[in-house]
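Chains, contacts and geometry: an overview
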Amino acid sequence: MLFAGYDTPDNHTSVQCAAMIVTDHSLRHLITQILTSAGSPADDARAVADHLVDANLLGHDSHGVQLVRRYVEHIKAGQCKPGTSVVCVNDSGAIMQFDGGRGFGIRVGSEAMRSAMERCKSTGVVLMTLRNAHHIGRVGAYADIALAAGLASIHFVNVVDHPPMVAPFGGREARFGTNPICIGIPGTTNTPSFLLDMATSAVALGKVVVARQAGKQVPENAVIDSAGHPTTDPVRYFGPPQGALLPFGLHKGYGLMLACEILAGAMSGYGTIQPETPRAGAIINNMFSFIIDPARLGDPEAIKHEFDHLIAYLKTTPASGESPVAIAGEPEAQTRAERAKNGIDLPDGTVADLEIALNLAGIENNSLKEIFAIVNHS
Ligand code: NAD
């Protein structure tokens, strides 16, 4: 059987490291296999694999399969605990607070969202916090769960257990994680859902990793070196000594980044990134979320009418005929359609990380050809 994962789009098998193009289907199998071998229950492994590969499909390679190596390292070090379910630590009407117990963030985050959404049926709005979750990945995935049920959601996230990476506005050294914010609002039959999902750093750290792996530059005003000088070279960011990312939008992005820290870190009960909070070297996310039923706020048809007409109005003013005005979520939907058809292009660095992850997971065969064989025969 031809192994679909390493087919080129025109269906000629490619086993070269450079410009390796894989199907999402085969990547899902590969990542599931790696995580299962690393000690994860099969259900968790499949859910994490689906989340990471979906991030690649949507164009967020920073939050895709390149993370698997680190997940395996964290499992082996006892810092990520596969098979752990979320625990509700405060159930108080429209307030629900959860502890993730260092379980896969993708599992405990989904479980917390589903519990909060169930409560939202009676309360109309839920304020949900989740603490102590291993990396939750692409935050938009949790807004997607709500959107599928016709619910809006707003998420503020902080990143701890990990050295800081982002300098405060006016600062020289890193003091924050990349603290993402996400807002999902259900679409209509005419208009796709609004899904704003963004790091509050000018670029996500994973994008700097991917730029270094691909030998590319990062955008201007996104990174400083260890001396505090602006640079577009990801190699100068990593040093050593390591420089810092910058918040997006100067003092405004910095303010939102700080809000994530207080809402998600302090109000979830886990802690912020200040030095008293332990740093074991893994990635722990805390999340502060609102889940909202728009139907409880007014006539759903009137809200949809406004949404449709607003977006149509925005779209009448493209700066050029070639690039229409988009709404948040549309670029990802476009990339998903393109990558589902043509495959996912894995840079050399990601392929190398996958090989290391295979080794760490205890799978003996570790060359690319052998990876194909493992997936093909699993
Ligand atoms: P990004 O800059 O690529 O996109 C940010 C948002 O802008 C998206 O909602 C996108 O749809 C929208 N957008 C992009 N181009 C647009 C256009 N032309 N018109 C209108 N809207 C447009 O995203 P990012 O900041 O690099 O974040 C990437 C991912 O990293 C996100 O999924 C985020 O949740 C994730 N993340 C996770 C963590 C964590 O600790 N778990 C930390 C940081 C980031």
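Look up: the structure comes first, before these words.
To keep things clear, this report deals only with the structure shown in the data block.

Conventions used here
Positions within a chain are numbered from 1, following the residues in the order the chain's sequence is written. In view of the model being predicted, local features appear only for residues whose pLDDT reaches at least 70, and side-chain atom pairs are presented and counted only at 80 or more, with totals across whole chains, interfaces and linings using the full set of residues. Only heavy atoms go into the side-chain values, all of them from the structure, while hydrogens and water stay out. Points on a 1 Å grid over protein atoms alone make up a cavity when a 1.4 Å probe fits among them but cannot get out, and a pocket when they form an open set with protein on both sides within 12 Å along at least five of seven lines; lining residues each have an atom within 4 Å of a point. Grid points are joined across faces, edges and corners, and a volume is the space filled by probe spheres set on the points. Per the convention used, a helix needs a DSSP run of H or I reaching at least four residues, while a strand needs a run of E reaching at least two, with both numbered from the N terminus. Gly counts as polar in this scheme, as do all residues outside two lists: the nonpolar Ala, Val, Leu, Ile, Met, Phe, Trp, Tyr, Cys and Pro, and the charged Asp, Glu, Lys and Arg. Following DSSP output, two strands are said to pair if at least two bridges run between them. To obtain each axis, a line is fitted to C-alpha atoms, and for helices this fit is confined to the stretch in contact; angles are then taken between N-to-C directions over 0 to 180 degrees.

**Some words on empty space enclosed by the protein**
A complete count under the given rule lists one cavity of 30 Å³ or more for this structure. Estimates place the volume of the largest cavity at around 50 Å³. Around the largest cavity sit Asn56, Asp61, Gln66, Val210, Ile344, Asp345, Leu346, Pro347 and Thr350, which together line it. With three residues, strand β11 (residues 344–346) is the single largest residue contributor to the lining of the largest cavity. Grouping the constituent residues of the lining of the largest cavity by class yields four nonpolar, three polar and two charged.

**Quick look at the layout of surface pockets**
What the largest pocket holds in volume is close to 860 Å³. Every residue lining the largest pocket is counted, 40 residues in all, and those nearest its centre are His63, Thr178, Ala204, Leu205 and Gly206. Broken down by secondary-structure element, the contributors of at least two residues to the lining of the largest pocket are α3 (68–76), β5 (152–160), β7 (194–198) and α6 (205–214). Here the lining of the largest pocket takes six residues from α6, the largest share from any one element. Among the residues making up the lining of the largest pocket, the classes are represented as 19 nonpolar, 13 polar and eight charged.

**Structural notes on the sheet that holds strand β10 (residues 284–292)**
An order of β2-β3-β4-β10-β5-β6-β7 is seen for the seven strands of this open sheet, with the pairing classed as mixed. Here the strands that pair on one side only, and so sit at the sheet edges, are β2 (87–92) and β7. Across the sheet, the mean angle separating the axes of adjacent strands is 10 degrees when strand polarity is ignored. With four bridges joining them, β5 and strand β6 (residues 181–185) adopt antiparallel strand pairing. Bridging across to β6, histidine 155 finds its partner in cysteine 182.

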